[in-house]
Amino acid sequence: MAAQRMGGRWNLVFSTDDLEPSKRYAAWQGAICDVYVHVDVNAEERSDYHGFVREARFGAVTMTDVLLSEQRISRRERHIAKLDKDCYYVEFVQQGRVNVLQAGQTLLSNPGVSAIFSASEAYDLECVGKVRSLYLEIPRAEFSARFSEGRLPVVTTMATSRGLGRIAAEFCATLAAEGAPLDETARTRLGGELMDVLALALDMGERDEFSEDASAQQARLRSVKAWIEAHLTDADLSLEKIAKSNGVSLRHLHYLFRLTDVSVSEWILDRRLQRCYDVLTRPELRSLSITEVAYQLGFSSSSYFSTVFRRKFGHSPSDLRRR
């Protein structure tokens, strides 16, 4: 069924793919270093440079998917003076290695270790080999509010091969793979959830006991909910598929939702109805019929959709549209 899309997508900031090899490095400097992030770069292998930057927004969080050739990236006071925002970077490396040098520390970042550092203080990034990374740009004020006073780690690392760090990395990867096409309301909600999971992982630090700690179970629940949120449009979404895709048993999936006051199925229905409500109230999507909205959000029956919608909100979808 042809239908209008209900959301955004990755925004390609820059790519060297369509440029002649001899012009790629200079173009990268001009487009990225002098305009996009305000840094200096130094790459020894400039004749065959490859790189791209694309980004997607999840509320207050900006996610950037980056490919870099081996190089050193430096941000100094003259660059920081051009920065109009106060934020942190959280880096999840998928390929290669990145050494983060800031405040007298060297953080070793790789596919098993994430780094968090300040975007508003001088730093150097040593990219070893070809590097593919996801960067999160998180506003300082909103992130700081998630920590008790004085507990926010400014320059640190987080293991992503186990425990809460792994959940945070998986959450981020899920949003990268599935989240960009979602509507703005869903992306904003997921951005907040991602900040919550990251804050919890960083706050727990070495106290993280993945198999026992209730906080880890809450973080895993958030991660599963994020995956479901990204797949609400799948009409064939099943509990078995959810469990398998998130690496848990069906029994454990039900156990996780026992931490809430609703079952998995009830939570999915509630989120689908809320998403439908949001779409039906957006003027730019009025060209979508009520049936199209229901089908796009995973309902297979328009009559069932109308029934459960009225039960939840006290009026029919058509009544809402007429308001």
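What you are looking at is a predicted structure, and each value in this text was computed from that prediction instead of being measured.

K.L.:
Could you give me a rundown of the overall build of the protein, with the residues and numbers involved?
P.N.:
What the protein contains, in helices and strands, is 12 helices and 10 strands. Computed over its C-alpha atoms, the radius of gyration of the protein comes to 22 Å, within 12% of the 20 Å expected for a compact globule of 323 residues. Its C-alpha atoms give the protein principal-axis dimensions of roughly 65 × 50 × 35 Å. Expressed as a percentage of the 323 residues in the protein, the buried residues total 48%. When contacts within the protein are restricted to residue pairs at least 6 apart in sequence, long-range pairs at least 24 apart make up 72% of them. For the protein, the exposed area adds up to about 15,400 Å²; of that, 47% sits on carbon and sulfur atoms. Of the charged side chains in the protein, 42 are positive and 44 negative; the average position of the first set lies 5 Å away from that of the second.

K.L.:
Which residues make up helix 11 (residues 302-313), and what are the values?
P.N.:
Relative to the 16 Å expected for 12 residues at 1.5 Å per residue, helix 11 spans 16 Å between its end C-alpha atoms, a close match to the ideal helical length. Burial in helix 11 covers these residues: Phe305, Val308 and Phe309. The buried residues of helix 11 occupy an angular sector of 105 degrees when the element is viewed end-on, so they sit on one face. For helix 11, the exposed residues lying more than 90 degrees away from the buried face are Ser303 and Arg311. Where helix 11 is buried, its residues meet helix 9 (264-280), helix 10 (290-296) and helix 12 (317-322). Phi turns positive one or two residues past the end of helix 11, at Gly314, with a value near 85 degrees.

Criteria and cut-off values
- Residues numbered from 1 in each chain as written.
- Predicted model: local features only at pLDDT ≥ 70, side-chain atom pairs only at ≥ 80, totals over all residues.
- Heavy atoms only, no water.
- Helix = DSSP H or I, 4+ residues; strand = E, 2+ residues; numbered from the N terminus.
- Rg over C-alpha atoms; globule rule 2.2 N^0.38 Å.
- Buried < 20%, exposed > 50% of the residue type's maximum accessible area, 1.4 Å probe, protein only.
- Contact = heavy atoms within 4.5 Å.
- Areas by Shrake-Rupley, 256 points an atom, 1.4 Å probe, with all protein chains shown as cover.
- Lys, Arg positive; Asp, Glu negative; His and termini not counted.
- Charge placed at Lys NZ, Arg CZ, Asp CG, Glu CD.
- Expected span 1.5 Å × (residues − 1).
- Arc of directions from axis to C-beta.

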